Amino acid sequence: MSATPSFFQTPSPPGLTGIKAWLLTHDHKRLGLMYLWAVLFWFVVALTVGFLIRIELMSMGRTIMSAEVYNSAFTLHGVIMIFLFVIPGIPAIFGNFFLPIQLGTDDVFFPRLNLLSWYLYMIGGLLALISLFTAGGFPDTGWTFYVPFSVGTNNNVSLTVFAAFILGMSSMLTGLNFITTVHRMRIKTMGWMQIPLFTWSLYATAWVQLLATPVISITLVLVIFERFFQIGLFDPDRGGDPILYQHLFWMYSHPAVYVMILPGMGVISEIIPTFSRKAIFGYKAIVASSLGIAVAGSLVWAHHMYTSGMSDVAVFVFSLLTFLVAIPTAVKVFSWVSTLYRASIEMTPPLLYGLIFIYLFSVGGLTGLVLGAAGTDIHVHDTHFVVAHFHFTMFGGTGFAFFAALHYWWPKMFGVMYNFKRAYLAATLATVGFMFHYVPMFILGLKGMPRRYYDYLPQFSQGNSLAAVGGLLLFSGIILMLVNLVLSLRSRQVAAANPWGGCTLEWSVPSPPPLHNFVSEPRVMAYPYDFSEIIARESQGK
Ligand SMILES: [Cu+2]
């Protein structure tokens, strides 16, 4: 820490009590918890809206909502899930709580800026809520806000877009904090090749957050300007170019999928070695692949636009680059599976979610190659095949990594253990439901069912009713999972400091950790996933 702490570095003012001790806190752990409850609230809201969409599609014609409400419902589901759950979820909750501890330090570099990031998150959420209930109603454009429709439609596009802009600011400031903390707050005895993989994944994510988010921020502001001042940048009626908007939008939104998935991959890289009692396979390769994904992922955005009329050469180049990104992603999957190979695996709820993640994300990744290839993509573009694909990567991937992180770090965050039986039942229900919900959508898409249409042809009925059953199982499984975790706060089954036998620094401090995290000088191991000591201790029954 520099001699004269700056405004953003001042530690929590002592003597705060009651609600003030939360709303004015600078403690990274408290901020992690404040994000947890806010993010879970938005997750349940967006999950419920998603479930209602599924019920509407259960049968042809109107089921529970009108076509207008349906359009706003899938827009609301997408906007909340992406900007208020998938992007902030793992970094803001578990990154805030654990990154400083994994680095052996007592807080992030800018604690007060960290509090500002939380307030920006809350304000962004509030604005989205207001745009739901004020005149004009929630936008019906889809979360992509494509022009010229989003310029002309008379609902609250400007307010919702502004909410996304504010949330982008929160995400950028969090990224800035994490990068500075990794460079400046890391304990002296920890070299770069001793940093845990979760923290590495957040570091790579933070660079994408910092460099890509400004693109979407300015693009969203331009949409507001187009709506208010008709500047003629995107609107073809005024000489504007709607394709320009698509390039700007995806220049952020594709790198953003790595902001969404990289932290989840970092969680899995913590869980797999812990329950395999084995050093992770290819530590350096995983670090390199995180950085590789962050860089290569910024070069493929136009694979969302193969049908936008761009040249064959451009289609070819973006298709090739898209295949390149699959390589560092595959390195991670290969390393996780190699770590499990011949390991002494101990099954626990976090590991179960970790294994489910690997399976679902791999299906998502492989179908991504089908979409990366221009020949097949042009056939399934804007169909339910695409919807199934990104739910396998974003829900099966980030969502289930989020569930894995919840079950892995819950005992550390709250000092209590949850019921394993209920946890396993919830995971099973959610996974079986997930498969019955999304696999039919691949087939419906291949058969030509377009996405974002309120109604469909008779030949799509069977697939949609099957998906409705899946939706019900999935929804019930997730609600049971959350209830089980919350019940553990009442049951008060005390958790040990290291219930899983993990060897990164958060498992060396009490559960929950004290205000300044460490009661003694943290001991950094030569290699971050060296289980030899733990195995020796366990073999002596300690
Ligand atoms: Cu993409």
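Let me sum up the structure you'll find in this document.

Cut-offs used in this document
Residues numbered from 1 in each chain as written. Predicted model: local features only at pLDDT ≥ 70, side-chain atom pairs only at ≥ 80, totals over all residues. Heavy atoms only, no water. Phe/Tyr/Trp six-rings, centres within 6.5 Å; stacked < 30°, edge-to-face > 60°. Helix = DSSP H or I, 4+ residues; strand = E, 2+ residues; numbered from the N terminus. Buried < 20%, exposed > 50% of the residue type's maximum accessible area, 1.4 Å probe, protein only. Lys NZ or Arg CZ within 6 Å of the ring centre and 35° of its normal. Donors = N, O, S within 2.8 Å, 3.2 Å for Na, K, Ca; no water. Expected span 1.5 Å × (residues − 1). Polar contact = N/O pair within 3.5 Å; in protein donor to acceptor, adjacent residues only side chain to side chain. Contact = heavy atoms within 4.5 Å. Salt bridge = Lys/Arg side-chain N within 4 Å of Asp/Glu carboxyl O. Axes fitted to C-alpha atoms, helices over the stretch in contact; angles between N-to-C directions. Parallel < 35°, antiparallel > 145°, perpendicular 65-115°, else oblique. Left-handed = near helix turned anticlockwise from the far one by under 90°. Nonpolar A, V, L, I, M, F, W, Y, C, P; charged D, E, K, R; others polar.

## As for the packing of aromatic side chains
One pair of aromatic rings is described through two measures. These are the centre distance and the angle between the planes. Summed over the entire model, instances satisfying the criterion amount to 59 aromatic pairs. With centroids separated by 5.5 Å and ring planes inclined at 85 degrees, the aromatic side chains of Phe225 and Phe229 adopt a geometry described as edge-to-face. Of the two residues, Phe225 and Phe229 are both situated in helix α8 (residues 197-229); the distance of four residues between them amounts to about one turn of the helix. Of the residues examined, Phe225 reaches a relative accessible area of 38% and is grouped as partly exposed. The ring of Trp192 is capped by Arg186, whose NZ or CZ atom sits 4.4 Å from the centre of that ring.

## A word on the coordination of the copper ion
Coordination sphere of the copper ion, protein contribution only: His254 (ND1), His303 (NE2) and His304 (NE2), at 1.9 to 2.0 Å. Coordination of the copper ion draws on donor residues from a single chain, spaced H-x48-H-H in sequence. The class for His303 is buried, based on a relative accessible area of 12%.

## Quick notes on helix α15 (residues 420-446)
Spanning 27 residues, α15 covers 39 Å between terminal C-alpha atoms, matching the ideal 39 Å at 1.5 Å per step. Of the residues flanking the start of α15, the one acting as N-cap is Asn419, its side-chain oxygen 2.9 Å from the backbone nitrogen of Lys421. In the segment just after α15, Gly448 is the residue with positive phi, at about 105 degrees.

## Describing the side chain of His77
With respect to the helices and strands, His77 occurs in helix α3 (residues 67-86). Contact partners of His77, with chain neighbours within four places excluded, come to Ala46, Val49, Gly50, Ile53 and His391.

## Overview of the pattern of salt bridges
What the rule picks out here adds up to seven salt bridges. Across the pair Arg537 and Glu533 runs a salt bridge, and its minimum N-O distance is 3.8 Å. Residue Arg537 and its partner Glu533 are both found in helix α17 (residues 532-539); the two are separated by four residues, about one turn of the helix.

## Here's the deal with the packing of helix α4 (residues 89-102) against helix α9 (residues 242-276)
Where α4 meets α9, the axes come as close as 11 Å, and the angle between the chain directions of the two elements is 50 degrees. In terms of orientation, α4 and α9 fall into the oblique class. Crossing of α4 against α9: the hand is left-handed. Contact with α4, carried on its side by Ile90, Pro91 and Gln102, involves Pro263, Gly264, Val267 and Glu270 of α9 and no other residues of that element. For the contact of α4 with α9, the per-class residue count stands at four nonpolar, two polar and one charged.

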